[in-house]
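Report on the structure
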Amino acid sequence: MALKSDEKTCAMQCSVNNGGCSHNCVNGKNGAQCLCPESMVLAPNKTTCVKPCGLNNGDCSHICQNTEDGKAVCSCPPELPLGLDEKTCPQGFADAYRCGCSIHVETPHTRKGSLLFNLPTLLYGYHDLWAEDVNGTFQVLDQYPNFRPKMMQKRFKKDIEQERNCLKIYRRCPQDCENMAKAVIDDGLSTVFTVKGTSGSKTIPLGQIMCERLLAPLHPGRRPIVFFDPGPKCGRPISTHFLQDVLCCGHLRIPNLLETYVWNKKCDGQVSIKDLIAG
């Protein structure tokens, strides 16, 4: 019990100045015990209730948000990933396990053919799936919401802590590269990309980009193949997925004016300046 302010009367601890508690007080065998509402937590002084983020920033390294059920949820600035501990924001992606995704021309053997197109590289080892391309890094599900089925997204969250593991990389990398190809190339070889050049930016279909990169005639056509590369830590590149379209390229030469390779969309072996302009 505690002595009241009249210094004569004894009362239960919670009856005197609310037991020193900022919010709820319960009388116990060992004196007053302070309790907090569901949306708050008890501070180290055992008397004051604060929002979770008000206590050491919720143990978050950067951004902390309070939830209605009294939890602190950590997040990061847009350019930084959230670590597997769901608390810290690693400075950059130096420690990421990388899954390289690229498209190569089909060959008679199992080795990679000539490079046709680079897809974004997947970055593993963080709370969310990230990727990087020539424009920088981004969260995959932010840019491609349907990258994984919802069921797969839940399973991905469940065992994310095991992501820094070559076995996991081999399990995820092939399917993720296939998903990335389908997400980026949503209209086959007709998918249009913006390419920056010396004279400015222009839109070019993927088929034309591939033929200009191949720098060789391709007739009859061959299928582009998606390869995944788990990186030097985990193994060598392996094919994972064939694109549905067949790539055909023709040689176009106009004396003293132009010499290039043109995407032959019809695969009929005939190309002209109209094919290059039409794309």
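Before reading on, note that the structure itself is shown above.
Let me begin by describing the structure that accompanies this report.

Parameters and conventions
Residues numbered from 1 in each chain as written. Predicted model: local features only at pLDDT ≥ 70, side-chain atom pairs only at ≥ 80, totals over all residues. Heavy atoms only, no water. Helix = DSSP H or I, 4+ residues; strand = E, 2+ residues; numbered from the N terminus. Buried < 20%, exposed > 50% of the residue type's maximum accessible area, 1.4 Å probe, protein only. Contact = heavy atoms within 4.5 Å. 1 Å grid on protein atoms, 1.4 Å probe; cavity = no way out; pocket = protein on both sides within 12 Å on 5 of 7 lines; lining within 4 Å. Points joined across faces, edges and corners; volume = space filled by probe spheres on them. Nonpolar A, V, L, I, M, F, W, Y, C, P; charged D, E, K, R; others polar. Disulfide = S-S within 2.5 Å. Core = buried A, V, L, I, M, F, W, Y, C linked by side-chain atoms within 4.5 Å. Pairing = 2+ DSSP bridges. Axes fitted to C-alpha atoms, helices over the stretch in contact; angles between N-to-C directions.

Looking only at helices and strands, one finds five helices and 20 strands in the protein chain. For the protein chain, with 279 residues in total, the buried portion stands at 39%. In the protein chain, the share of contacts with a sequence separation of at least 24, taken over all contacts with a separation of at least 6, comes to 44%.

Attention shifts here to the layout of surface pockets. Here the largest pocket is characterised by a volume of approximately 600 Å³. Lining the largest pocket are 18 residues; nearest its centre among them are Phe117, Asn118, Val134, Asn135 and Phe193. The element that contributes the greatest number of residues to the lining of the largest pocket is strand β14 (residues 192–197), accounting for four residues. In terms of residue class, the lining of the largest pocket is made up of 10 nonpolar, four polar and four charged. By volume, the second largest pocket is sized at about 200 Å³. Taken together, Ala181, Lys182, Ile185, Asp186, Asp187, Gly188, Leu189, His241, Phe242, Leu243, Gln244 and Asp245 form the lining of the second largest pocket.

Once that is clear, we can look at the state of the cysteines. Linking two cysteines covalently through their sulfur atoms gives a disulfide. Under the defined criterion, the tally for this structure stands at 10 disulfides. Residue Cys211 pairs covalently with Cys249 via a disulfide, S to S 2.0 Å. Across the disulfide from Cys211 to Cys249, rotation about the S-S bond amounts to roughly -85 degrees, and the bridge is consequently left-handed. Here Cys211 is found in helix α4 (residues 206–214), whereas its partner Cys249 is found in strand β19 (residues 247–254), with 38 residues between them in sequence. Grouping residues by exposure puts Cys211 and Cys249 together as buried. In this model Cys248 forms its disulfide with Cys267; the gap between the sulfur atoms is 2.0 Å. Taking the sign of the S-S torsion, about 100 degrees here, the bridge from Cys248 to Cys267 comes out right-handed. Placement of Cys248 in strand β19 and of Cys267 in the loop between β20 (258–263) and α5 (273–278) is noted, with a sequence separation of 19 residues between them. Residue Cys248 is classed as buried on the basis of its relative accessible area of 1%.

Quick reminder: α-helices carry 3.6 residues per turn. Residues three or four places apart thus point the same way. Burial within α4 is extensive, with seven of its nine residues counted as buried. Of the residues trailing α4, Leu215 is marked for its positive phi of about 55 degrees.

To continue, consider the nonpolar core. Here is a general trend for soluble globular proteins: nonpolar side chains tend to be buried in one another's company. If you look at the biggest cluster of nonpolar residues, it comprises 39 residues, and the most contacted ones within it are Ile103, Leu119, Leu122, Val140, Met180, Met210 and Leu247. Elements with a contribution of two residues or more to this core: β9 (97–105), β10 (115–118), β11 (121–124), α3 (166–184), α4, β17 (224–229) and β19. Here this core takes six residues from α3, the largest share from any one element. Setting aside chain neighbours within four positions, we find Met210 in contact with Ile103, Leu116, Phe117, Leu189, Pro224, Leu243 and Leu247. With eight residues, the next largest nonpolar core counts Cys53, Cys76, Leu80 and Leu82 among its residues.

Pairing of β14 with strand β15 (residues 200–205), which is carried by six bridges, proceeds in the antiparallel orientation. From the neighbouring strand, Gly197 faces β15, where its bridge partner is Gly200.

The three strands are arranged β16-β19-β20 in an open sheet whose pairing can be described as antiparallel. The sheet is open, and its two borders are formed by β16 (218–222) and β20, each paired with just one other strand. Put simply, the sheet's adjacent strands are angled 20 degrees from each other on average, direction ignored. Across two bridges, the pairing between β16 and β19 is antiparallel. Bridge pairing in β19 links Arg222 to Leu247.

Glancing now at the environment of Tyr97. Considering the arrangement of structural elements, one finds Tyr97 in strand β9. Residue Tyr97 is classed as buried on the basis of its relative accessible area, which comes to 17%. For the pair Tyr97 and Asn165, spaced 68 residues apart in the sequence, the C-alpha separation amounts to 8.4 Å.

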